[in-house]
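Per-entry structural report
Spelled out from the first residue to the last, the chains are:
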Amino acid sequence: TGKDVHEIYALLPDNLQDDRFDEHDWESAKELTPQEQQELAKQIDEALRQGQLLASKLGSGGDRRIDELLQPKVDWRTQLADYLMSYSKGRGVPTWRKPNRKMFSHGVYLPGQISDAMGEIVIAVDTSGSIGSNELKTFLTEIVSIAHLMQPEALRLLYWDTAVCADEKYEQEAYDDMAESTKPAGGGGTMVECVPKYMSNFGISPQLVVVFTDGMLGGSWGTWNCPVLWCITTKKRAPIGSTLHIDL
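A short tour of the structure in this document, coming up. Since we're looking at a predicted model, the values are computed, not measured.

Moving on to the overall build of the protein chain. Broken down by element type, the protein chain carries 7 helices and 8 strands. The buried share of the protein chain, reckoned over its 248 residues, is 39%. The long-range share in the protein chain, meaning contacts at least 24 apart out of those at least 6 apart in sequence, stands at 57%. Just so you have it, the protein chain exposes about 14,700 Å², and 51% of that area is on carbon and sulfur atoms.

Following this line, the structure appears as structure tokens:
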């Protein structure tokens, strides 16, 4: 928008600003053709980078706001979906031996699917004392989204603090009721190594594990025998597996 352009333009060094554009002319930018808008955006980006380079040569660390503008921003939910989809081989084939139960209430009989897209996955949710209601709500929202997006054969939900406090296993037909039926438990310290130990003790071998946490651990990051994705609300980065930072 014109406002966005004005904010970016205001960050440019004086020697890189063009007198043809003053604060009264930004609305006219909306009337540019898509090709002209693209060219203008390219010029602004180049000017930003020139200003950053000039500042570094003069001994300054540069304007941190400009650094942030130059960093591409991709929604973490999109990155999460892309990561999960990389484990999906296909969406399955229809079969009348496994009818679609969701349509029974509508009096419609349709085939279900036999899918080799994804086996059982484990979602390990940090419920230690440092996790507030806002974080937990965000975690659960994305867990339900994961279940519907990926349709794994089963989804095992583990709530943990210094130990696994609750173990809930959901089959595909129960995903719609997950948000209402789940019962988070915990509230103590933060020892994520309890999760892989619990899985080993009970013979749980998922295709992958997704851990939701703030990363403020009281112990180690654990020893894992399967792929693990860490969805972390702080700037912490896990030394094992893959890390995705959640923006709350």
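Moving on, we come to the packing of helix α4 (residues 76-85) against helix α5 (residues 133-150). For the pair α4 and α5, the least separation of the axes is 11 Å and the interaxial angle reads 40°. Considered as vectors, α4 and α5 are oriented oblique to each other. Both α4 and α5 take part in a crossing whose hand is right-handed. Residues W76, R77, L80, A81, L84 and M85 of α4 pack against T138, E142, I146, L149 and M150 of α5. Tallied by class, the residues present in the contact of α4 with α5 amount to 8 nonpolar, 1 polar and 2 charged.

Take the environment of S128 next. Structurally, S128 is set in the loop between β3 (121-126) and α5. The class for S128 is buried, based on a relative accessible area of 2%. Along the primary structure S128 and T190 are separated by 62 residues, whereas in three dimensions their C-alpha atoms are 5.6 Å apart. Beyond its immediate stretch of four places on either side in the chain, S128 contacts W160, D161, G187, G188, G189 and T190. Here D126 takes part through its side chain, which lies 2.7 Å from a polar atom of the side chain of S128.

With that settled, consider the nonpolar core. I123, L155 and F212 are the most contacted members of the largest nonpolar core, which has 30 residues in total. Every element with two or more residues in this core is listed here: α4, β3, α5, β4 (154-160), β5 (164-171), β6 (208-213) and β7 (228-232). With 7 residues, α5 is the largest single contributor of residues to this core. Excluding anything up to four places from it in sequence, I123 contacts I143, I146, L155, R156, L157, L158, V210 and F212. If you look at the next biggest cluster of nonpolar residues, it comprises 21 residues, including V122, V195, V211 and W230.

The next thing to look at is α4. Residues of α4 that are buried: W76, L80, Y83 and L84. Taken around the axis of α4, the buried residues stretch over an arc of 95°, which confines them to a single face. Where α4 is buried, its residues contact α5, β6, β7 and β8 (242-245). Two to three positions downstream of the cap, the backbone nitrogen of R77 sits 2.8 Å from a side-chain oxygen, assigning the N-cap of α4 to D75.

Topologically, W160 is positioned in strand β4. A C-alpha to C-alpha distance of 7.0 Å links W160 and S128, two positions 32 residues apart in sequence.

This part covers the sheet that holds β8. Strand order in the open sheet formed by 6 strands is β5-β4-β3-β6-β7-β8, with mixed pairing between adjacent strands. Each having just a single partner strand, β5 and β8 make up the two edges of the open sheet. In this sheet, neighbouring strand axes are inclined to one another by 20° on average, regardless of whether the strands run parallel or antiparallel. Relative to β8, β7 runs parallel, the two sharing 4 bridges. For W230, the partnering residue across the bridge sits in β8 and is T243. Helix-sheet contacts for helix α7 (residues 194-201) involve β3, β4, β5 and β6, and the interaxial angle to β4 is about 130°.

About the thresholds
Residues numbered from 1 in each chain as written. Predicted model: local features only at pLDDT ≥ 70, side-chain atom pairs only at ≥ 80, totals over all residues. Heavy atoms only, no water. Helix = DSSP H or I, 4+ residues; strand = E, 2+ residues; numbered from the N terminus. Buried < 20%, exposed > 50% of the residue type's maximum accessible area, 1.4 Å probe, protein only. Contact = heavy atoms within 4.5 Å. Areas by Shrake-Rupley, 256 points an atom, 1.4 Å probe, with all protein chains shown as cover. Axes fitted to C-alpha atoms, helices over the stretch in contact; angles between N-to-C directions. Parallel < 35°, antiparallel > 145°, perpendicular 65-115°, else oblique. Left-handed = near helix turned anticlockwise from the far one by under 90°. Nonpolar A, V, L, I, M, F, W, Y, C, P; charged D, E, K, R; others polar. Polar contact = N/O pair within 3.5 Å; in protein donor to acceptor, adjacent residues only side chain to side chain. Core = buried A, V, L, I, M, F, W, Y, C linked by side-chain atoms within 4.5 Å. Arc of directions from axis to C-beta. Pairing = 2+ DSSP bridges.

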